Amino acid sequence: MTKPPRWSEDELDVEATEAIRLFRETRMQEPLEAYLDFFDEYRQHVENLIEGTVDLTELSNQAVDLLTQPEQLTAVRYLASPAISEDDLKVLAEAVLSTARLRAEPDMARRVIDTVMLGLDRERFPWVAENRDPTEAERATAVVSTAALIATQKVQTARRNDSKKLQEHAVAEILLANGFTQVPPRTITNVSHFPAPGEFCGESLFGTRKADLVIRLYDGRAMPTECKVSNSSTNSVKRLNNDAAIKAETWLKEYGTQTCVPAAVLSGVFKIHNLLAAQNDKGLTLFWGHRLEAMIEFIDRTKP
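Quick caveat, the model's predicted, so the values are computed rather than measured. (Residues numbered from 1 in each chain as written. Predicted model: local features only at pLDDT ≥ 70, side-chain atom pairs only at ≥ 80, totals over all residues. Heavy atoms only, no water.)

Any chance you could explain the overall build of the chain here in plain terms?
Each helix and strand in the chain was counted, giving 12 helices and 9 strands. Here the C-alpha atoms of the chain give a radius of gyration of 24 Å, more than 25% beyond the 19 Å that 2.2 N^0.38 yields for 304 residues. Taken along its principal axes, the extent of the C-alpha atoms in the chain is 75 × 40 × 30 Å. Buried positions account for 43% of the 304 residues belonging to the chain. In the chain, the share of contacts with a sequence separation of at least 24, taken over all contacts with a separation of at least 6, comes to 61%. Of the roughly 15,300 Å² that the chain leaves accessible, carbon and sulfur atoms contribute 50%. In the chain, 36 positive and 46 negative side-chain charges are present, and the distance between their average locations comes to 6 Å. (Helix = DSSP H or I, 4+ residues; strand = E, 2+ residues; numbered from the N terminus. Rg over C-alpha atoms; globule rule 2.2 N^0.38 Å. Buried < 20%, exposed > 50% of the residue type's maximum accessible area, 1.4 Å probe, protein only. Contact = heavy atoms within 4.5 Å. Areas by Shrake-Rupley, 256 points an atom, 1.4 Å probe, with all protein chains shown as cover. Lys, Arg positive; Asp, Glu negative; His and termini not counted. Charge placed at Lys NZ, Arg CZ, Asp CG, Glu CD.)

Here it is in structure tokens:
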């Protein structure tokens, strides 16, 4: 069987440098409009929150109504510093944030508010701890700064999600352009569930771990593929070594090297030693989002 490519340190260095160049170019060209749209939207929501709760003094009394509105729930979470994620809030407040449960258990809703208020940012909302009315300047500063925090996080989240979706789309497009057929996603627990040779599917459970795409090579092996976009070398450890490489190790244990070729398509910022570790120690085959022809070349070599 055709062995998957294994890149030298110099080859990885060349491609990683190009990936960083493209990341910089894309990052600097991103429009400011996305941030401004989020800012304008959440400035209004934060204003409504502060005014509607009489400068935050009526938060607990309005807990159910606030927490069952997604935008107001977000504004409430950002009263704390740092902001509390929904997942963390569920654990900290021992709560369920579904509308039905919140309406059925108003005491639980008030417990969520109390949890947030324990972490209230006293720099943004000084009047609360001092038990007084805010000045107009304090209220305006609180609204603007909180909306800015939310907008920044929303842009970052959207960027990550959009980048990943674009990368998955690019991989699908080049496969289709080279004769592959896309089939529906599925749960793959054994070889009989693989797509047919020359087919691929989108996000699917492959063994015990999800893969962004599952590609069936022409020689019968499956290539579960992760699409990873990193915006920093630190982030690359999480996305590559602590996620894609761990999945590769799991898939190889479950299916073996004669049946499975775990792969990752990379874009953004990655450290060379992390790339080498994922490739050489975990058996992860690496391709780059800006050079997908290398993936097609390998796939073509698996033809009988």
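There is more to say, and it comes next.
How do you make sense of the pairing of strand β6 (residues 213–216) when you look at a structure like this?
Regular strands place their side chains on alternate faces of the sheet. Burial of β6 is two-sided: the residues Leu-213 and Ile-215 facing one way and the residues Val-214 and Arg-216 facing the other way are all buried. For β6 and strand β7 (residues 222–230), the ladder comprises 4 bridges, and the chain directions are antiparallel. Along β7, the bridge assignment pairs Val-214 with Pro-224. (Pairing = 2+ DSSP bridges.)

It is not clear to me how unusual backbone geometry should be interpreted in this structure. Could you clarify?
Most peptide bonds are trans, and most residues other than glycine sit at a negative phi. In this model, Ser-81 is joined to Pro-82 through a cis peptide bond whose omega is -5°. Within the secondary structure, Pro-82 is located in the loop between α4 (70–77) and α5 (86–92). Phi is positive for Glu-94, close to 50°, though the residue is something other than glycine. Along the chain, Glu-94 falls in the loop between α5 and α6 (99–104). Its relative accessible area of 66% is what places Glu-94 among the exposed residues.

Whenever I open this one, the packing of aromatic side chains confuses me. Can you help?
How two aromatic rings sit relative to each other is set out by the distance from centre to centre and by the angle between their planes. The full count for this structure, using the stated rule, is 9 aromatic pairs. A centroid spacing of 5.7 Å and a plane angle of 50° characterise the contact between Phe-194 and Tyr-255, whose relative ring orientation is tilted. With a gap of 61 residues between them, Phe-194 in the loop between β2 (187–188) and β3 (199–201) and Tyr-255 in helix α10 (residues 233–255) connect regions that are remote in the sequence. On the basis of relative accessible area, Tyr-255 is assigned to the buried category, the value being 13%. Taking the centre distance of 5.7 Å and the plane angle of 90° together, the rings of Phe-206 and Trp-251 count as edge-to-face. Of this pair, Phe-206 sits in strand β4 (residues 204–206) while Trp-251 sits in helix α10, and the two are 45 residues apart along the sequence. Like Trp-251, Phe-206 is buried. Cluster of aromatic residues (ring-pair linked, three or more members): Phe-194, Phe-206, Trp-251 and Tyr-255. (Phe/Tyr/Trp six-rings, centres within 6.5 Å; stacked < 30°, edge-to-face > 60°.)

Would you mind going over helix α12 (residues 293–301) with me for this structure?
Helical geometry note: an α-helix holds 3.6 residues per turn, so side chains three or four residues apart project in the same direction. When α12 is considered as a whole, its buried residues turn out to be Ala-294, Met-295, Ile-296, Phe-298 and Ile-299. On the buried face of α12, the contacting elements are α9 (136–177), β6, β7, β8 (263–268) and β9 (285–288).

Would you mind showing me how to read helix α7 (residues 106–118) here?
The first and last C-alpha atoms of α7 sit 19 Å apart over 13 residues, in line with the 18 Å expected at 1.5 Å per residue. Among the residues of α7, those classed as buried are Met-108, Ala-109, Val-112, Ile-113, Thr-115 and Val-116. Buried residues along α7 cover an arc of 155° about the axis, so they all sit on one side. Residues of α7 that are exposed and point more than 90 degrees away from the buried face comprise Asp-107 and Leu-118. Those residues of α7 that are buried are in contact with α3 (63–67), α4, α5 and α6. (Expected span 1.5 Å × (residues − 1). Arc of directions from axis to C-beta.)

What is the right way to read the packing of α10 against helix α11 (residues 272–281) from this model?
Axis angle and axis distance: for two packed helices, these are the angle between their axes and the distance between the axes, and together they describe the pair. In the contact formed by α10 and α11, the axes pass within 10 Å of each other and the chain directions differ by 5°. Viewed along their axes, α10 and α11 adopt a mutual orientation that is roughly parallel. Contact with α10, carried on its side by Ser-233, Ser-236, Val-237, Leu-240, Asn-241 and Ala-245, involves Asn-274, Leu-275, Ala-277 and Ala-278 of α11 and no other residues of that element. Considering only residue class, the contact of α10 with α11 consists of 6 nonpolar, 4 polar and no charged. (Axes fitted to C-alpha atoms, helices over the stretch in contact; angles between N-to-C directions. Parallel < 35°, antiparallel > 145°, perpendicular 65-115°, else oblique. Nonpolar A, V, L, I, M, F, W, Y, C, P; charged D, E, K, R; others polar.)

When you look at the nonpolar core in this model, what are you seeing that I'm missing?
In summary, soluble globular proteins display a tendency toward joint burial of nonpolar side chains. Core analysis: the biggest nonpolar cluster contains 33 residues, and Leu-49, Leu-56, Leu-67, Leu-79 and Phe-125 have the highest contact counts within it. With 20 residues, the next largest nonpolar core counts Leu-175, Cys-227, Ile-296 and Phe-298 among its residues. (Core = buried A, V, L, I, M, F, W, Y, C linked by side-chain atoms within 4.5 Å.)

Looking at this structure, I do not really get the sheet that holds β3. What am I missing?
The strands making up a sheet associate through backbone hydrogen bonding, with each pair oriented either parallel or antiparallel. As summarised here, the arrangement of the 6 strands in space is β1-β3-β6-β7-β8-β9, forming an open sheet in which the pairing is mixed. Two strands lie at the open edges of the sheet, namely β1 (181–183) and β9, each paired on one side alone. The sheet shows a mean angle of 30° between the axes of neighbouring strands, taken without regard to direction. Bridge analysis of β3 against β6 gives 2 bridges, and the strand direction is antiparallel. Paired with Phe-200 across the strands is Ile-215, a residue of β6. Those strands touched by α9 are β1, β3, β6, β7 and β8, and its axis lies near 140° from that of β7.

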